[in-house]
Amino acid sequence: MDIGWYLAVSAIVFGVGAAGVLTRRNPLVILLCLELMLNAANLALVAFSRMWGNSDGQIFALIVMVVAACEVTVGLGMIVAIYRRKIPVDVDEMRELQG
């Protein structure tokens, strides 16, 4: 299979994720869309790694997955803390972080 197909799928998934980040107001949906964008980048990294015949892109994609898992953990923890304090969970209303 040609690398162009992998890159096309990666671009479509990245575009869907970027559209979700730019249009949605729910922080959970924004986190999911960020994950889509990171997974699209991982797909491109693995495709280029396969094209060049080395494993550097695959190792870097694994590192990106670990960072994405950490980002989700911290983000979900923040969202749970916000829900517990009964603060509105609208991204436009959370622009300023005040104590």
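Residues numbered from 1 in each chain as written. Predicted model: local features only at pLDDT ≥ 70, side-chain atom pairs only at ≥ 80, totals over all residues. Heavy atoms only, no water.

Draft legend 1. Fine view of helix 1 (residues 3-23). For helix 1, which comprises 21 residues, the first-to-last C-alpha distance of 30 Å matches the rise-based estimate of 30 Å (1.5 Å per residue) to within 8%. Those residues of helix 1 that fall on the buried side of the exposure criterion are Ile3, Ser10, Gly17 and Gly20. Viewed end-on, helix 1 has its buried residues packed into an arc of 120°, placing them on one side of the element. What points out from helix 1, more than 90 degrees from its buried face, is the exposed set Trp5, Ile12, Leu22 and Thr23. For helix 1, the secondary structure elements touched by its buried residues are helix 2 (27-52). (Helix = DSSP H or I, 4+ residues; strand = E, 2+ residues; numbered from the N terminus. Expected span 1.5 Å × (residues − 1). Buried < 20%, exposed > 50% of the residue type's maximum accessible area, 1.4 Å probe, protein only. Arc of directions from axis to C-beta. Contact = heavy atoms within 4.5 Å.)

Draft legend 2. Summary view of the packing of helix 2 against helix 3 (residues 56-84). The geometry of helix 2 relative to helix 3 is characterised by a closest axis approach of 8 Å and an angle of 175° between their N-to-C directions. Here helix 2 is positioned roughly antiparallel relative to helix 3, judged by the angle of their axes. Looking at the contact of helix 2 with helix 3, its residues break down into 15 nonpolar, five polar and three charged. (Axes fitted to C-alpha atoms, helices over the stretch in contact; angles between N-to-C directions. Parallel < 35°, antiparallel > 145°, perpendicular 65-115°, else oblique. Nonpolar A, V, L, I, M, F, W, Y, C, P; charged D, E, K, R; others polar.)

Draft legend 3. Broad picture of the packing of helix 1 against helix 2. Running from amino to carboxyl end, helix 1 crosses helix 2 at an angle of 165°, the nearest separation of the two axes being 8 Å. The orientation of helix 1 with respect to helix 2, classified from their angle, is roughly antiparallel. For the element pair helix 1 and helix 2, the recorded crossing hand is left-handed. (Left-handed = near helix turned anticlockwise from the far one by under 90°.)

Draft legend 4. A look at helix 3. Its 29 residues place the ends of helix 3 42 Å apart at the C-alpha level, agreeing with the 42 Å of an ideal helix rising 1.5 Å per residue. Turning to helix 3, its buried residues number three or more, namely Gly57, Ala61, Val64, Ala68, Gly75, Ile79 and Ile82. On the buried face of helix 3, the contacting elements are helix 2. Phi for lysine 86, located one or two positions after helix 3, is positive at around 55°.

Draft legend 5. Structural view of the side chain of asparagine 42. Mapping asparagine 42 onto the fold places it in helix 2. Not counting the four nearest positions on each side in its chain, asparagine 42 is found in contact with Ala61, Val64 and Met65.

Draft legend 6. Spatial organisation of a nonpolar patch on the surface. Together, Ile59, Phe60, Ile63 and Val67 line one region of the surface with nonpolar side chains, adding up to about 390 Å² of accessible area. Valine 67 gets classed as exposed once you look at its relative accessible area, which sits at 52%. (Patch = residues over 30% accessible without salt bridge, like charges linked within 9 Å, V, L, I, M, F, W, Y side chains within 5 Å. Areas by Shrake-Rupley, 256 points an atom, 1.4 Å probe, with all protein chains shown as cover. Salt bridge = Lys/Arg side-chain N within 4 Å of Asp/Glu carboxyl O.)

Draft legend 7. Just the confidence of the model for the protein, in detail. In this model, the protein carries an average pLDDT of 85, and 86% of its residues clear a pLDDT of 70 or more. Looking across the protein, the model is least confident in helix 3, with a mean pLDDT of 85, and most confident in helix 1, with 94. (pLDDT = per-residue confidence, 0-100.)

Draft legend 8. Quick peek at the side chain of glutamate 35. Inspection of the secondary structure puts glutamate 35 in helix 2. Buried charge without a salt bridge: glutamate 35, with arginine 24 as the nearest opposite-charge side chain at an N-O distance of 17 Å. For glutamate 35, the residues in contact, after removing those within four places along its chain, are Ala68, Glu71 and Val72. (Lys, Arg positive; Asp, Glu negative; His and termini not counted.)

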